[in-house]
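These are the residues of each chain, in order.
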Amino acid sequence: MAGPVPELDARATACADRIRDADRVLLASHIDADGLTSAAVASSALARADVPHDVVFKKQLDETEIASIAARDERVVLFTDFGSGQLDVIAEHEANGDFVPIIADHHQPADADTEFHLNPLLEGLNGATELSGAGAAYVLARALEPDGVDNRDLAALAVVGAVGDMQEQSGELVGANAGIVEEGVAVGALDTAKDLAVYGKQTRPLPKLLEYASDLNIPGISNDARGAQSFLKGLDVECYRDGDWRTWVDLSFEERQTITSALIKHAIGRGVPSHRIDDLVSMAYTFPNESTGTELHDASEFSTLLNATARYERADVGLAVCLGDRTGALDRARELLRNHRRNLSEGVNFVENEGVTYEEHLQWFDADDRIRETIVGIVAGMALGADGVARDRPILAFANEDDEHVKVSSRGTHALVRQGLDLSAVMQEASRAVGGDGGGHDVAAGATIPRGERDAFVAEADRIVGEQLG
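The rules we used
- Residues numbered from 1 in each chain as written.
- Predicted model: local features only at pLDDT ≥ 70, side-chain atom pairs only at ≥ 80, totals over all residues.
- Heavy atoms only, no water.
- Helix = DSSP H or I, 4+ residues; strand = E, 2+ residues; numbered from the N terminus.
- Rg over C-alpha atoms; globule rule 2.2 N^0.38 Å.
- Buried < 20%, exposed > 50% of the residue type's maximum accessible area, 1.4 Å probe, protein only.
- Contact = heavy atoms within 4.5 Å.
- Lys, Arg positive; Asp, Glu negative; His and termini not counted.
- Charge placed at Lys NZ, Arg CZ, Asp CG, Glu CD.
- Pairing = 2+ DSSP bridges.
- Axes fitted to C-alpha atoms, helices over the stretch in contact; angles between N-to-C directions.
- Salt bridge = Lys/Arg side-chain N within 4 Å of Asp/Glu carboxyl O.
- UniProt positions renumbered as here; feature names shortened; annotations may be inferred.
- Expected span 1.5 Å × (residues − 1).
- Phe/Tyr/Trp six-rings, centres within 6.5 Å; stacked < 30°, edge-to-face > 60°.
- Parallel < 35°, antiparallel > 145°, perpendicular 65-115°, else oblique.
- Left-handed = near helix turned anticlockwise from the far one by under 90°.
- Nonpolar A, V, L, I, M, F, W, Y, C, P; charged D, E, K, R; others polar.
- Arc of directions from axis to C-beta.

A. Broad picture of the overall build of the protein chain. In terms of regular secondary structure, the protein chain is built from 18 helices and 15 strands. For the protein chain, whose C-alpha radius of gyration is 22 Å, the value lies close to the compact-globule estimate of 23 Å for 470 residues. Each principal axis of the C-alpha atoms in the protein chain carries an extent, and together these give about 70 × 55 × 40 Å. When the 470 residues of the protein chain are sorted by exposure, 56% land in the buried category. In the protein chain, the proportion of contacts linking residues at least 24 apart, taken out of those at least 6 apart, comes to 65%. Computed over 42 positive and 81 negative side-chain charges, the separation of the two mean positions in the protein chain equals 7 Å.

Right under this line is the structure:
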């Protein structure tokens with residue numbers, strides 16, 4: 001039977017067959033939303049196939065962490081949402097007989113290979129826009145199905161991972177991701193519909209929904225509390241009811257249409273360019289089996305909830321939510337989310353207040369200890385286009401990782417990628433030039449470098465970006 005991504009069938013089958021032959025498996029995964037959902041998809045598939053396994057999370061996969069995995073004396077290790085970029089190190093452990101690696105990833109592979117390697121890039125698919133880590137895990141899960149088991153319900157988690165990995169930049173999930181969406185819809189695990197392209201439709205009161213829609217940048221509404229309220233009060237829609245503002249999901253289809261049409265008219269009147277007008281509407285991915293009006297009902301809010309767990313050393317909480325815990329784990333995740341939102345807001349304010357340093361081809365800021373290294377990349381992405389931060393060049397963000405190392409996160413735009421930007425290559429080449437290492441995707445990547453090498457790293461990264469963009 002063909003899987004959801006036919007190009008990966010042979011690789012998925014080989015990986016699944018090796019897993020079935022294992023007495024037990026160690027599942028190792030990354031800590032972002034894509035990593036958590038990757039682990040949840042893989043863990044669910046392993047459990048349904050009666051494969052005993054443990055799960056560990058790593059915020060990065062370097063030589064030290066790979067050695068710690070080898071020291072566990074596990075015969076088979078399944079890496080999800082990382083592993084490809086560290087395959088040169090993993091291959092050394094494989095050659096030494098430390099473990100058999102199975103990799104389900106979507107990041108740029110290192111210059112090495114292994115027998116059980118499931119990655120869209122190896123078959124000409126784009127790992128930044130067509131298939132996420134959770135998507136790769138989902139392809140493996142479908143190949144791992146025992147007789148009588150249907151893993152298509154796991155498509156919902158794969159979509160959360162893809163959205164959390166910002167793969168719907170064109171307004172909807174495309175490529176291999178679209179095939180996974182189709183499978184989720186077919187089994188009732190997922191709904192899709194064109195809707196207003198703003199974050200928080202499940203939980204934010206309408207004025208805050210529009211005020212915080214900074215990505216759309218509608219003059220007189222975005223980042224303008226009074227403007228957002230004034231706009232809503234001028235509409236023939238009951239936006240305020242029973243002493244409180246309604247949320248987007250409280251509205252009828254007709255009420256949503258009225259507000260969206262008025263937003264478009266307002267944006268045109270304020271001179272917003274046509275390509276930005278098109279961005280006002282995108283595909284929304286919701287989960288009918290989750291309660292409406294909660295973070296879990298919407299893919300973007302679900303992914304943010306997950307980011308608020310593992311990035312604060314509580315991957316166990318995020319995994320439990322993904323696996324169905326709707327009591328204690330969900331309550332704890334919501335507490336962490338409130339803290340996460342506060343930290344992100346403070347982080348963006350830091351960037352706006354301190355400003356960025358402009359090089360010839362890129363811009364950067366150094367948060368030192370002011371922003372957690374696990375969220376500095378999210379802050380960098382949110383800051384693009386903020387006051388004093390340009391959108392026409394990539395941004396680098398630095399934050400202290402430990403006494404000896406600095407974390408570097410980079411973010412670009414898909415418009416820059418179309419011009420030739422590849423931040424994965426930038427991070428890898430520039431970090432290795434100063435004794436570090438890195439990688440990722442063309443539009444978002446990271447690295448770890450020794451303390452004291454920031455300026456040399458910036459200079460090298462600026463040179464490489466200049467070559468890429470011509």
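B. Quick look at the sheet that holds strand β10 (residues 357–358). Spatial ordering of the open sheet is given by β10-β11-β12-β13-β15-β14, a layout of 6 strands whose pairing is mixed. The open sheet has two edge strands with one neighbour each: β10 and β14 (437–440). Sitting on the sheet, helix α17 (residues 423–433) is in contact with β12 (395–400), β13 (405–411), β14 and β15 (444–450), with an inclination near 175° to β14.

C. Representation of the pattern of salt bridges within the structure. Summed over the entire model, instances satisfying the criterion amount to 26 salt bridges. A salt bridge links Arg20 to Asp17; its shortest N-O distance comes to 2.8 Å. Of this pair, Arg20 and Asp17 both sit in helix α1 (residues 9–20), 3 residues apart, which is roughly one turn of the helix. According to the relative accessible area criterion, Arg20 is partly exposed, its value standing at 39%. Residue Asp17 is classed as partly exposed on the basis of its relative accessible area, which comes to 37%. Connected through salt bridges with shared partners, the residues Arg24, Asp54 and Glu74 form a single ionic network.

D. The arrangement of the UniProt feature "domain: DDH" (unreviewed entry) in the protein chain in detail. Mapped onto the present numbering, the UniProt feature "domain: DDH" (unreviewed entry) falls at residues 25–159. Taken end to end, residues 25–159 comprises 36% helix and 16% strand; its first and last C-alpha atoms sit 25 Å apart.

E. Representation of helix α12 (residues 299–310) in the model. The end-to-end C-alpha distance of α12 is 17 Å, a good match for the 16 Å that 12 residues give at a rise of 1.5 Å each. In terms of burial, α12 is a largely internal element, 11 of the 12 residues being buried. Of all the positions in α12, only Ala299, Glu301, Phe302, Ser303, Thr304, Leu305, Leu306, Asn307, Ala308, Thr309 and Ala310 are classed as buried. Next to the buried residues of α12 lie α2 (33–48), α6 (155–164), β9 (281–286), α13 (315–322), α14 (328–354) and α15 (376–383).

F. Structural context of the packing of aromatic side chains. Applying the stated rule across the entire model yields 6 aromatic pairs. A ring pair is formed by Phe79 and Phe99, whose centres lie 6.0 Å apart and whose planes are at 55°; its orientation type is tilted. Taken together, the residues Phe79 in strand β3 (residues 76–80) and Phe99 in the loop between α4 (87–95) and β4 (100–104) connect sequence positions 20 residues apart. Grouping residues by exposure puts Phe79 and Phe99 together as buried. Taken together, Phe79, Phe82 and Phe99 form an aromatic cluster joined through their ring pairs.

G. Structural context of the packing of α14 against α15. Between α14 and α15, whose axes approach to 9 Å, the crossing angle comes to 55°. It follows from the interaxial angle that α14 and α15 lie oblique. Every pair of crossing elements has a handedness; the one defined by α14 and α15 is right-handed. From α14, His340, Leu344, Gly347, Val348 and Val351 reach across to α15, where they touch Ile378, Val379, Met382 and Ala383. When its residues are assigned to classes, the contact of α14 with α15 shows 7 nonpolar, 2 polar and no charged.

H. Fine view of the packing of α2 against helix α5 (residues 133–143). Across the interface, α2 lies against α5 with an axial gap of 8 Å and an inter-helix angle of 10°. With respect to each other, α2 and α5 are oriented roughly parallel. Two secondary-structure elements touch here, α2 through Asp34, Thr37, Ser38, Val41 and Ala45 and α5 through Gly133, Ala134, Ala137, Tyr138 and Ala141. Among the residues making up the contact of α2 with α5, the classes are represented as 6 nonpolar, 3 polar and 1 charged.

I. How the structure looks around α4. The complete set of buried residues in α4 reads Leu87, Val89, Ile90 and His93. Looking down the long axis of α4, one finds its buried residues gathered within 160° of arc, a one-sided arrangement. Exposed positions of α4 whose direction lies more than 90 degrees from the buried face are Glu92 and Ala95. For α4, the secondary structure elements touched by its buried residues are α3 (63–70), β3, β4 and β5 (117–118).

J. Expanded view of the environment of Ser170. Among the secondary structure elements, Ser170 is positioned in the loop between α6 and α7 (176–186). Since its relative accessible area comes to 58%, Ser170 is described here as exposed.

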